[in-house]
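The chain contents come next:
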Amino acid sequence: MAITVKYLEDLGVEKEVAEKIFAERSKEIESDKAKREAVETKLKEAEKSLESLTTEIDTLKTSGKNAEEIQAKLDALIAEREAEKTKAEADRIMKEKLEATKSRFEKANEGKGEWYNEPTKDFYFKKFSDALESEEYAGQSDVDILHSLTKDDQTARKGVTAVKLQGGTPQGVGGKQYATKAEIMAIKNYDERVEAISNNKHLFIKGDN
C-alpha cells in the first residue's frame, strides 16, 4: 500500500507534519532512484566495455589470421614483382644485344649489295648472330664473318648471276631456285619472271633445258 499524506493523517499525524514527512520521503525515493539509475548506467557501461573488449579480442584473433594471409599474399606479390623485374631486365639486355647485333650486321654488309629479299636477309642475320657466339669464327671481323657465310651463295643478293654447278642446280638460299627454263617461263608475275631469268641466265644458254 502506498504511503500518502492522508494515510499519515489517518494515523493521527498532523497534516503539516505528514506533508513534511512525505516530502522527505519523496526526496529519499528520488535519491534512491538516482543512485539506482547511476548503478544501472555503470552496469550498462561495464557491459558495453566487456562487449567492446570481447570484440577487440576477436578482432585481434581475426587480424592475426588475416595478417598471416596478408603477409603470404604480400610475399607472393613481392616475388612476382621481382620475377617481373628480372624478366624485364633480361628482355632489356636481350633487346640491346639484338640492336647491337643488327647494327654490326648492317655495317658488315655495307657496300655488298642489296639482299635478294627479306627472308634471305633474315636468314643471314640469324647465321651472323649465331656465328658471333661460335668459336669457329673467334677472332674474325664482322665483315669476314659475313663474307664467310655468303661467299658460296651467289643468289643471296640481287644482281649476282648464279653459276650452275655440274650435275646440280644453282646453290643458295632465299627465294625459289629453278632448274629449268620451263619453270621460270611458267612464272605468271612479269617482274618476278624477269628477275628469275636474270638470276638464272645459264638456263637460257643454247643446249640447256
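Predicted model only: the values in this text are computed from it and were never measured. (Residues numbered from 1 in each chain as written. Predicted model: local features only at pLDDT ≥ 70, side-chain atom pairs only at ≥ 80, totals over all residues. Heavy atoms only, no water.)

Undergrad: Kindly report on the pattern of salt bridges, identifying the contributing residues and their values.
TA: Inspection of every chain in the model, using the stated rule, returns nine salt bridges. Glutamate 82 is paired through a salt bridge with lysine 85; the nearest N and O atoms lie 3.7 Å apart. In this pair, glutamate 82 and lysine 85 both sit in helix α2 (residues 15-109), three residues apart, roughly one turn of the helix. On the accessibility criterion, lysine 85 (51% relative accessible area) is exposed. A salt bridge links lysine 158 to glutamate 114; the shortest N-O distance between them is 3.5 Å. Separated by 44 residues along the polypeptide, lysine 158 in the loop between α4 (142-150) and α5 (181-185) and glutamate 114 in the loop between α2 and α3 (118-132) bring together distant segments of the chain. Take lysine 158: its relative accessible area is 38%, and that puts it in the partly exposed class. (Salt bridge = Lys/Arg side-chain N within 4 Å of Asp/Glu carboxyl O. Helix = DSSP H or I, 4+ residues; strand = E, 2+ residues; numbered from the N terminus. Buried < 20%, exposed > 50% of the residue type's maximum accessible area, 1.4 Å probe, protein only.)

Undergrad: Which residues make up the nonpolar core, and what values go with them?
TA: If you look at the biggest cluster of nonpolar residues, it comprises twelve residues: Phe105, Ala108, Trp115, Tyr124, Phe125, Phe128, Ala131, Tyr137, Ile145, Leu146, Leu149 and Ala156. Elements with a minimum of two residues in this core: α2, α3 and α4. In terms of residue count, the dominant contributor to this core is α3 (four residues). When neighbours within four sequence positions are excluded, leucine 149 is seen to be in contact with Tyr124, Lys127, Phe128, Ala131 and Tyr137. Grouped together as the second largest cluster of nonpolar side chains are five residues, Tyr178, Ile184, Ile187 and Leu203 included. (Core = buried A, V, L, I, M, F, W, Y, C linked by side-chain atoms within 4.5 Å. Contact = heavy atoms within 4.5 Å.)

Undergrad: Describe in detail α3, supporting the description with residues and values.
TA: Between its first and last C-alpha, α3 extends 21 Å over 15 residues, near the 21 Å set by a 1.5 Å rise per residue. Taken as a whole, α3 has its buried residues at Thr120, Tyr124, Phe125, Phe128, Ser129 and Ala131. (Expected span 1.5 Å × (residues − 1).)

Undergrad: I'd like a rundown of the environment of lysine 126, residues and numbers included.
TA: Considering the arrangement of structural elements, one finds lysine 126 in helix α3. Taking the relative accessible area as the measure of exposure, lysine 126 reaches 48% and is therefore partly exposed. Considered as a pair, lysine 126 and lysine 102 are 24 residues apart in the sequence and their alpha carbons are 10.0 Å apart. Among the polar contacts made by the side chain of lysine 126, one reaches the side chain of aspartate 130 at a distance of 2.7 Å. (Polar contact = N/O pair within 3.5 Å; in protein donor to acceptor, adjacent residues only side chain to side chain.)

Undergrad: Please give an account of α4 that cites residues and values.
TA: If you check which residues of α4 are buried, you get Asp142, Ile145, Leu146, Leu149 and Thr150. Buried residues along α4 cover an arc of 120 degrees about the axis, so they all sit on one side. (Arc of directions from axis to C-beta.)

Undergrad: With reference to specific residues and values, describe the packing of aromatic side chains.
TA: Aromatic rings considered in pairs are described by the distance between their centres and by the relative angle of their planes. By the definition in use, this model includes five aromatic pairs. Plain terms: the ring middles of phenylalanine 105 and phenylalanine 125 are 5.4 Å apart, the flat faces sit at 80 degrees to each other, and that makes the pair edge-to-face. Taken together, the residues span a long stretch of sequence, with phenylalanine 105 in helix α2 and phenylalanine 125 in helix α3 at a distance of 20 residues. In terms of burial, phenylalanine 105 and phenylalanine 125 fall into one category: buried. Judged by centre distance (5.5 Å) and plane angle (20 degrees), the ring pair of tryptophan 115 and tyrosine 124 falls under stacked. Judged on exposure class, the residue tryptophan 115 and its partner tyrosine 124 are both buried. An aromatic cluster is built from Phe105, Trp115, Phe123, Tyr124, Phe125 and Phe128, whose rings are joined through pairwise contacts. Over the ring of tryptophan 115 we find arginine 157; its NZ or CZ atom is 4.3 Å from the centre of that ring. (Phe/Tyr/Trp six-rings, centres within 6.5 Å; stacked < 30°, edge-to-face > 60°. Lys NZ or Arg CZ within 6 Å of the ring centre and 35° of its normal.)

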